[in-house]
Amino acid sequence: MAGRPIRLGIAGLGRAFTLMLPTFAADPRIALVAATDLRPEARQRFAADFDAATYDSVEAMCDDPAVEAVYVATPHQMHAAHVVSATARGKHVLVEKPIAIRIDECRTMIDAARSAGVQLVVGHSHSFDAPVLHARKLIDSGVLGAVRMIHAFNYTDYMVRPRRPEELDTAQGGGVIFSQGAHQIDIVRLLGGGRVRSVRAMTANWDARRPTEGAYSALLTFADEVVASCTYSGYAHFDSDEFLGFIGEMGLPKDPARYGAMRRALRAARNSDEEAALKAARNYGGSGYAPSPAAPADRRHQHFGSVIVSCEHADLRPVPDGVMIYDDEAARLDKVAVPPIPRAEVIDEFYAAVVEGRPPLHDGEWSCATLEVCLAIRDSSQAQAEIMLRHQVGLRGALR
Ligand SMILES: NC(=O)c1ccc[n+]([C@@H]2O[C@H](COP(=O)([O-])OP(=O)(O)OC[C@H]3O[C@@H](n4cnc5c(N)ncnc54)[C@H](O)[C@@H]3O)[C@@H](O)[C@H]2O)c1
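Just so we're clear, the structure is a prediction, and the values are computed from it rather than from any experiment.

Caption draft 1: Representation of the environment of Ser 217 within the structure. You can see Ser 217 is positioned in strand S9 (residues 215-222). Separated by 164 residues in the primary sequence, Ser 217 and Ser 381 have C-alpha atoms spaced 9.5 Å apart. Beyond its immediate sequence surroundings of up to four residues, Ser 217 is in contact with Arg 200, Ala 201, Met 202, Cys 230 and Thr 231. Looking at Ser 217, its side chain comes within polar contact range of the side chain of Thr 231, at 2.9 Å.

Caption draft 2: Spotlight on the domain arrangement of the chain. Once the domains are mapped, the chain shows domain 1 (6-125 + 343-362) and domain 2 (127-340 + 372-399). Placing the centre of domain 1 and that of domain 2 at their C-alpha centroids yields a distance of 23 Å. Listed by partner, the interface residues are 36 residues for domain 1 and 37 residues for domain 2. Taking both sides of the interface into account, the surface hidden between domain 1 and domain 2 amounts to around 3,000 Å²; carbon and sulfur atoms contribute 61%. Applying the counting rule to domain 1 against domain 2 returns zero salt bridges. At the level of elements, helix H1 (15-26), helix H2 (40-50), strand S6 (120-122) and helix H11 (344-354) are the ones that each hand at least two residues to the side of domain 1 that touches domain 2. In terms of residue class, the side of domain 1 that touches domain 2 is built from 19 nonpolar, eight polar and nine charged.

Parameters at a glance
- Residues numbered from 1 in each chain as written.
- Predicted model: local features only at pLDDT ≥ 70, side-chain atom pairs only at ≥ 80, totals over all residues.
- Heavy atoms only, no water.
- Helix = DSSP H or I, 4+ residues; strand = E, 2+ residues; numbered from the N terminus.
- Contact = heavy atoms within 4.5 Å.
- Polar contact = N/O pair within 3.5 Å; in protein donor to acceptor, adjacent residues only side chain to side chain.
- Domains from an automatic or database assignment.
- Buried area = accessible area lost by both parts, 1.4 Å probe.
- Salt bridge = Lys/Arg side-chain N within 4 Å of Asp/Glu carboxyl O.
- Nonpolar A, V, L, I, M, F, W, Y, C, P; charged D, E, K, R; others polar.

Put into structure tokens, the structure is as follows:
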């Protein structure tokens, strides 16, 4: 498995980094060598935890020759500039989803990585989850027949978690279409073959105090006669993890008795500054930051809500233990081993790209196509019309 580790610099030590830290810290294929963040407390903690260099700008960190690759986990609207800063200095990039908030930004990032001869991988998204990849392999086996229909839905409290002001401003990438659609659409494209032909959607903006899209329902048609319905609600009182045995997004058991806890906690913030501070406090280096405890023995696969794939001869359902297969004879669980390190699938793809030169699945073109669908969800709702797509790509790289 591991040869030399990738020497990784971190741009943005916030929530995304907090969630990826258990992966980076435990995977021998990664060495954390540098970081940058606007928050001094996060930089100080990183220097102490990893005995590593810290910088006060992305550019300064990318000038460090010890940094071989950069994890860009700054807010979405900064991804393009930060990716270009890294690629211009010859660094490979792992950039968080969504790749960016506009198609022209994607083109700039893709061109910059290509002309620098470096890898651009977009992740984490939940389409890296092993049960989703396993469902794709089952489809590729041909035994189940062609994919005909996909149904994906997720009901969460996304909109009542503490947010930065930009996260509630659609023009800056706020709302669930960018942040959460990037997961759900990536999964649905991966299972449907990648090439979405058209989108008809309605979005919802129900809360005047949080004026951005908090929910959507979208019908996607694919180039090869597949149809997918995708629904996401970030306003939910119902938690769709109930349908997955109360295993949460991170693959850990959830306590149903904590019903409404996030809504209640948010009431403590009296204005947007207090709310942003509440978010930052929970992040790496913040006053309320608690390092992830050692992974419990009952940890399962991470997931992004319910997904049902109807093939000609069977229905498939990725679940936290593997993939449920419902065929003519029986319903059975095809178990998929839980990786010893959470999100190891992201490092599998990034390491293969950077160290072994194997093209990734989640490259710039793939992720630009996912962003195009997300933008079409917004545009379809505004125009009350079906939107035809132009930037779609099929499955490539790791799966082909
Ligand atoms: N894959 C996942 O599970 C997941 C989860 C959360 C967030 N994300 C993604 O990560 C990105 C960041 O979101 P977040 O929730 O972590 O935000 P956040 O506010 O929690 O963290 C962003 C961090 O970036 C820092 N930052 C801002 N501008 C900077 C700059 N110019 N230079 C250096 N640091 C800077 C901030 O100080 C902050 O610590 C988004 O694109 C989001 O979609 C992904």
